[in-house]
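Chain residues, written in single-letter form:
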Amino acid sequence: MTERKNRLAIIASKGTLDMAYPPLILATTAVAMEMEAGIFFTFYGLNIIRKDRKNKLFVAPIGNPAMPMPMPNILGMLPGMTSMGTMIMKGMMKKANAPSINELLEICRESGVRMIGCQMTMDAFGLKKEALIDGIEVGGAATFLAYAAEASVSLFI
Amino acid sequence: MTEVKEDLTLDTKGLSCPMPILKLKKAIDGLSGQVLKMLASDPGSVADVKAWAEKTGHTLLSSSQDGAIYVFFLKKS
């Protein structure tokens, strides 16, 4: 009997720098653990795989009391505060020797993580497949569910 | 522990999650011998290497600490 691989199915729905990490870290690690992994990028999660946005993911101090330097919203709304918060987080990640989003995307592609862009949100955002990085397939809810139905771990991030 | 001689040493010092595990998988796959020695500075690797070995079926022969460096010996299955 051939043993089926365990499978990890993730929905990536957020497009901020902090929320881009967990799907990519988990998917790459799953493959390293000899599991299959797939990520369905929907709504703002599409930013993670947009050629023009993947290097420009931000984390905003406004309305975010969990920031390392908590900041009153009245200051968080000032111009430049989002860039500053993003810079601080990128600095922290670098100091911790964490890989960049780009590196993780590259590993996803190399290691065969299945990456699906949500057709409906792409249409709603006016995004063509060409706007996304290479190696992305496009599909809808049924595509994800058919994949996730056979998964032992499913996460919505 | 009986002395084991590694066929390859993988140095992941300075890397943090998830890179040590990703490198470990690559190293084991490419290992021509039996035993891999792995060095890490990420304290999380102690739990992660153990979990990885349990999941993949490779054997964690030993896990030890040498100052701030974690040393693992793994046997390819």
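Residues numbered from 1 in each chain as written. Chains lettered and ligands numbered in written order. Predicted model: local features only at pLDDT ≥ 70, side-chain atom pairs only at ≥ 80, totals over all residues. Heavy atoms only, no water.

Q: Would you mind going over the sheet that holds strand β4 (residues 137-139) of chain A with me for this structure?
A: Residues and elements named next belong to chain A. Read across the open sheet, the five strands follow the order β4-β3-β2-β1-β5; overall the sheet is parallel. Edge positions in the sheet fall to β4 and β5 (153-156), since each of these pairs with one other strand and no more. Across the sheet, the mean angle from the axis of one strand to that of its neighbour is 20°, orientation sign disregarded. Of the pairings in the sheet, the one linking strand β3 (residues 114-118) to β4 comprises three bridges and is parallel in character. Pairing of Cys118 across the sheet is with Gly139, part of β4. (Pairing = 2+ DSSP bridges. Helix = DSSP H or I, 4+ residues; strand = E, 2+ residues; numbered from the N terminus. Axes fitted to C-alpha atoms, helices over the stretch in contact; angles between N-to-C directions.)

Q: Any chance you could explain helix α6 (residues 141-148) of chain A here in plain terms?
A: Each turn of an α-helix holds 3.6 residues, which means side chains three or four residues apart point in the same direction. Residues and elements named next belong to chain A. Among the residues of α6, those classed as buried are Phe144, Tyr147 and Ala148. Buried positions in α6, seen along its axis, are confined to an arc of 95° and lie on one side of it. Along α6, the residues that are exposed and aim more than 90 degrees away from the buried face are Ala142, Leu145 and Ala146. As for α6, its buried residues are in contact with β1 (7-12), β2 (36-41), β3 and β5. (Buried < 20%, exposed > 50% of the residue type's maximum accessible area, 1.4 Å probe, protein only. Arc of directions from axis to C-beta. Contact = heavy atoms within 4.5 Å.)

On their own, these measurements won't tell you what the molecule is for.
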